[in-house]
Amino acid sequence: GIDIHPGAQIGEYFTIDHGTGVVIGETCIIGKNVKLYQGVTLGAKSFPLDDNGNPIKGIPRHPILEDDVIVYSNASILGRITIGKGAVIGGNVWVTQDVKAGENITQKR
């Protein structure tokens, strides 16, 4: 029930607690001491398209989680955004913008 793309970069002391439904995308970068709970998605919003309408592949599309981040159950963090050191992402939250270090996010952003 956990899907971690082999291209994802994951730091030391990474924890997935009750991992059912966790998805970690190919270009994700996860720092040290990061903790995820069940149902978390670290995904992309979409592929950008070239002039002919074809997907452009091989570019970073997934989030960066800096050290000491906690992401609670069923949160979705989408796109090439950065979740700053020590930030806490609440359960059932949808995040598509950068989060500053130490910030607590409890609603859609």
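Presented here is an overview of the structure given in this document. Just so you know, these numbers come straight off a predicted model, no measurement behind them.

**Focus on the overall build of the chain**
Looking only at helices and strands, the chain has zero helices and 14 strands in total. When the elements of the chain are put in sequence order from the N terminus, they spell out β-β-β-β-β-β-β-β-β-β-β-β-β-β. For 109 residues, the compact-globule formula gives about 13 Å, and the C-alpha radius of gyration of the chain, at 13 Å, lands near that figure. With the C-alpha coordinates of the chain rotated into their principal frame, the extents come out at 40 × 25 × 20 Å. Among the 109 residues that make up the chain, the fraction classed as buried is 34%. Within the chain, counting contacts between residues at least 6 apart in sequence, those at least 24 apart form 24% of the total. Both charge centroids of the chain, one from 10 positive and one from 11 negative side chains, sit 4 Å from each other.

**A short note on the sheet that holds strand β1 (residues 2-4)**
If you trace the five strands from one edge of the open sheet to the other, you get β1-β4-β7-β10-β13, paired in parallel fashion. On the outer flanks of this sheet lie β1 and β13 (94-95), each paired with one strand and no other. With three bridges connecting them, β1 and strand β4 (residues 22-24) associate as parallel partners. Residue pairing for β4: Ile2 is matched across the bridge by Val22.

**Some remarks on the sheet that holds strand β5 (residues 29-30)**
Spatial strand order, β2-β5-β8-β11: four strands in an open sheet with parallel pairing. Single-partner strands in this sheet number two, and they are β2 (9-10) and β11 (82-83). Note that strand β8 (residues 64-65) and β11 share two bridges and pair parallel. Along β11, the bridge assignment pairs Leu65 with Ile83.

**Side note on the environment of Ile24**
Within the secondary structure, Ile24 is located in strand β4. Residues Ile24 and Ile4, 20 residues apart in the sequence, show an inter-C-alpha distance of 4.7 Å. Sequence-distant contacts of Ile24, defined by excluding residues within four places in its chain, comprise Asp3, Ile4, His5, Ala8, Phe14, Ile30, Leu36 and Leu42.

**Points about unusual backbone geometry**
The phi dihedral of Asn33 falls on the positive side, at around 60°, and the residue is not glycine. Within the secondary structure, Asn33 is located in the loop between β5 and β6 (35-37). Unlike most non-glycine residues, Asp68 shows phi in positive territory, near 65°. By the element assignment, Asp68 lies in the loop between β8 and β9 (70-71). For Asp68, a relative accessible area of 31% gives the class partly exposed.

The rules behind the values
- Residues numbered from 1 in each chain as written.
- Predicted model: local features only at pLDDT ≥ 70, side-chain atom pairs only at ≥ 80, totals over all residues.
- Heavy atoms only, no water.
- Helix = DSSP H or I, 4+ residues; strand = E, 2+ residues; numbered from the N terminus.
- Rg over C-alpha atoms; globule rule 2.2 N^0.38 Å.
- Buried < 20%, exposed > 50% of the residue type's maximum accessible area, 1.4 Å probe, protein only.
- Contact = heavy atoms within 4.5 Å.
- Lys, Arg positive; Asp, Glu negative; His and termini not counted.
- Charge placed at Lys NZ, Arg CZ, Asp CG, Glu CD.
- Pairing = 2+ DSSP bridges.

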